[in-house]
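Descriptive structure summary
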Amino acid sequence: MTKTALVLLAGGAEEMETVITADVLVRGGVNVTIAGVDGASEVKCSRGIQIKPDKSLSDARANNTVYDAVILPGGGEGAKRLSESPEVGQLLKEQESSGRLIAAICAAPTALAAHGIVKGRRVTSYPAFKDKMNGYTYSENRVVVDGNVVTSRGPGTAAEFGLKLVELLVNKETSDKLIEPMLLHLP
């Protein structure tokens, strides 16, 4: 069965973290839905680029739809909006209680903290947000996996983040096969 991922898109999200992560997942055979936290209208991201979500978060969750992974791109304003959304908090709590994957990159791990999700786990974030990750074990690795939680540092680690998600959702062989055609040089 094809794995599914829900990428949450909020105003001020970091474009690279949104698009690169979604693209790598699609290349890996994952069915990706980009959901607008504030509706299905175009979202202005952190660098002014407009991205049109596939649907609203409410529509993405209709009929009790569940996803194998819920992914939170960063961007300071985007992470703030994710942190303030009760619907995002409820979705993350459901994802946590079911043991399904939760992934956040850059500033977005602060939304995990804001909603009290996966406390005590090992995480990383964009360096400027390290002090907001109280209650977690902080790592400065580029991508950190702790059980069903995957976190990463920022735009420059988005491809690695996506590859790790493909590895966890599909398998390592599929993830590894994506590296050469994307001309990635991984550290």
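Before any of the text, the structure's been laid out above.
My aim in this report is to walk through the structure given alongside it, one point at a time.

**Description of the nonpolar core**
Judged by nonpolar contacts, the single largest core of 29 residues is most densely connected at Leu25, Val32, Ile71 and Leu165. Of all the secondary structure elements, the ones that give two or more residues to this core are β1 (4-9), α1 (15-27), β2 (31-36), β6 (69-72), β7 (101-105) and α6 (158-169). Here the element with the most residues in this core is α6; it accounts for six residues. In contact with Leu165, other than residues within four places in its own chain, are Thr21, Leu25, Ile71, Leu101, Ala103 and Val150. If you look at the next biggest cluster of nonpolar residues, it comprises 27 residues, including Tyr67, Leu91, Ala108 and Tyr138.

**Here's the deal with unusual backbone geometry**
A negative phi angle is the norm for most residues apart from glycine, just as the trans form is the norm for most peptide bonds. Phi is positive for Cys106, close to 65°, though the residue is something other than glycine. Looking at where Cys106 falls in the secondary structure, it is placed in the loop between β7 and α5 (109-114). A relative accessible area of 6% means that Cys106 is categorised as buried. For Val118, which is not glycine, the phi dihedral falls at a positive 50°.

**Some thoughts on the packing of α1 against α6**
Packing of α1 against α6 brings their axes to within 8 Å, and their N-to-C directions diverge by 35°. At the point where α1 passes α6, the crossing takes the right-handed sense. When α1 is examined against α6, the residues Met16, Glu17, Ile20, Thr21, Val24 and Leu25 are found in contact with a partner set consisting of Ala158, Ala159, Phe161, Gly162, Leu163, Leu165, Val166 and Leu169. Residue composition of the contact of α1 with α6, by class: eleven nonpolar, two polar and one charged.

**With respect to the layout of surface pockets**
A volume near 160 Å³ is recorded for the largest pocket. Listed by contribution, the elements that provide at least two residues to the lining of the largest pocket are α6 and α7 (172-179). A class-by-class count of the residues in the lining of the largest pocket yields five nonpolar, one polar and five charged.

**A closer look at the pattern of salt bridges**
Side-chain pairing between opposite charges can occur once the charged atoms of the two side chains come close. Taken as a whole and assessed by the stated rule, the structure comprises eleven salt bridges. Arg61 is the partner of Glu87 in a salt bridge, and the nearest nitrogen-oxygen pair spans 4.0 Å. Here Arg61 lies in the loop between α2 (57-60) and β6 and Glu87 lies in helix α4 (residues 86-98), a separation of 26 residues in the sequence. One salt bridge connects Asp176 with Lys172, and the closest N-O pair in it is separated by 3.1 Å. Placement of the pair is Asp176 and Lys172 together in helix α7, with a separation of four residues, close to one helical turn. With relative accessibility at 45%, the residue Lys172 sits in the partly exposed group. A single salt-bridge network, built from bridges that share partners, covers Asp38, Glu77 and Arg81.

Conventions we followed
- Residues numbered from 1 in each chain as written.
- Predicted model: local features only at pLDDT ≥ 70, side-chain atom pairs only at ≥ 80, totals over all residues.
- Heavy atoms only, no water.
- Core = buried A, V, L, I, M, F, W, Y, C linked by side-chain atoms within 4.5 Å.
- Buried < 20%, exposed > 50% of the residue type's maximum accessible area, 1.4 Å probe, protein only.
- Helix = DSSP H or I, 4+ residues; strand = E, 2+ residues; numbered from the N terminus.
- Contact = heavy atoms within 4.5 Å.
- Axes fitted to C-alpha atoms, helices over the stretch in contact; angles between N-to-C directions.
- Left-handed = near helix turned anticlockwise from the far one by under 90°.
- Nonpolar A, V, L, I, M, F, W, Y, C, P; charged D, E, K, R; others polar.
- 1 Å grid on protein atoms, 1.4 Å probe; cavity = no way out; pocket = protein on both sides within 12 Å on 5 of 7 lines; lining within 4 Å.
- Points joined across faces, edges and corners; volume = space filled by probe spheres on them.
- Salt bridge = Lys/Arg side-chain N within 4 Å of Asp/Glu carboxyl O.

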